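Summary of the model geometry
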Amino acid sequence: MKKLLLSLALILFVTLLKAQSTFVRFATNKGDIIVMLYDETPKHRDMFLNTIETGLYKNAEFNRVIKSFVSQGGELDDTILNREKLHPELGAERFAAEINPKLFHKKGALGAGRDDNPAKASYFTQIYLVTGKKQTDAQLDAIEQKKNRKISAAQRAIYKSIGGIPHLDQDYTVFGEIVAGMEVADVINAVATDKNDVPLSPVVFNPIVLSKAEAAKLRKQLK
């Protein structure tokens, strides 16, 4: 049964991979990570592409790394919230959530950071890559009970086999996933940090949108 669920999960991944149109290379000082942006979250996809084009992520850093949880990049919460306090006339600009139950916080997922706003709307300049931990049935059952929602059999199989952060599902927008370079993401998530989860040595990244030809070549390599 377990092998069947994992096979179904792999089929879903391959189907999803073929369906997507946009891939981004995270060029980091630890190596390259290739991320697939979901067409199922078109507004976040386009928002992220726009921030890349305007240079907001140029020489950005993974500046909050929580081991076995997430590697967060872009602006920190404090930076964003302090700026908003200093300039209340500008308001607290957020990006409307695109939460899709089929897109979840498995290891390698790309999500949009946010504060505790009730609409679950995203920041414009903060992303995170999920590392997480492998889950047990008991842990997943407890999350179902606490969150009052069901975790599908396919998602359970993935959480049990590669891990993730299931308790974040449906609270944050997941808009992509790593398709190559997971080992680099693991290295980043394991860097030494201070008591505030800030890396002791900067982990810099530059997101670069891949051309259609590069994306097509990548698809062939990942088949």
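First things first, this report covers the structure right here in the doc. (Residues numbered from 1 in each chain as written. Predicted model: local features only at pLDDT ≥ 70, side-chain atom pairs only at ≥ 80, totals over all residues. Heavy atoms only, no water.)

**Side note on the overall build of the protein**
Counting secondary structure elements, the protein contains seven helices and eight strands. Taking all 223 residues of the protein together, the buried fraction comes to 46%. Contacts in the protein between residues far apart in sequence, at least 24 positions, make up 71% of those at least 6 positions apart. Roughly 11,700 Å² of accessible area belongs to the protein as shown, and the carbon and sulfur atoms make up 56% of that amount. (Helix = DSSP H or I, 4+ residues; strand = E, 2+ residues; numbered from the N terminus. Buried < 20%, exposed > 50% of the residue type's maximum accessible area, 1.4 Å probe, protein only. Contact = heavy atoms within 4.5 Å. Areas by Shrake-Rupley, 256 points an atom, 1.4 Å probe, with all protein chains shown as cover.)

**Notes on unusual backbone geometry**
Look at N59: it is not a glycine, yet its phi comes out positive at around 50°. Mapped onto the fold, N59 is located in the loop between α2 (42–53) and β3 (60–66).

**Some points on helix α5 (residues 153–161)**
Among the residues of α5, those classed as buried are Q155, R156, A157, I158 and Y159. G163 sits one or two positions beyond α5 and adopts a positive phi of about 95°.

**Focus on the sheet that holds strand β2 (residues 31–37)**
Sheet strands pair by backbone hydrogen bonding; their relative direction is either parallel or antiparallel. With respect to topology, eight strands assemble into a closed barrel ordered β1-β2-β7-β5-β6-β4-β3-β8, the strand pairing being antiparallel. Strand-to-strand twist across the sheet, computed as the mean angle between neighbouring axes with direction ignored, equals 35°. Two strands pair when backbone bridges link them, and β2 and strand β7 (residues 174–180) are joined in this way by four bridges, in the antiparallel orientation. Paired with L37 across the two strands is G176, which belongs to β7. α2 rests against β1 (22–28), β2, β5 (109–112), β6 (126–130), β7 and β8 (204–209) of the sheet, and its axis sits at about 45° to β1. Of the strands in this sheet, β1, β2, β3, β4 (70–74) and β7 touch helix α6 (residues 182–189), which is tilted by about 110° from β2. (Pairing = 2+ DSSP bridges. Axes fitted to C-alpha atoms, helices over the stretch in contact; angles between N-to-C directions.)

**As for the packing of aromatic side chains**
In total, this model carries nine aromatic pairs according to the counting rule given. With a centroid separation of 6.2 Å and an interplanar angle of 20°, the aromatic rings of F26 and F48 are classed as stacked. In this pair, F26 is assigned in strand β1 and F48 in helix α2, connecting sequence segments 22 residues apart. The two residues F26 and F48 agree in class, both being buried. Put simply, the rings of F26, F48, Y57, F62, F175 and F205 pair up and form one aromatic cluster. A cation sits over an aromatic face here: R114 above Y172, 4.3 Å from the ring centre. (Phe/Tyr/Trp six-rings, centres within 6.5 Å; stacked < 30°, edge-to-face > 60°. Lys NZ or Arg CZ within 6 Å of the ring centre and 35° of its normal.)

Geometric descriptors of this kind do not, in isolation, establish any biological role.
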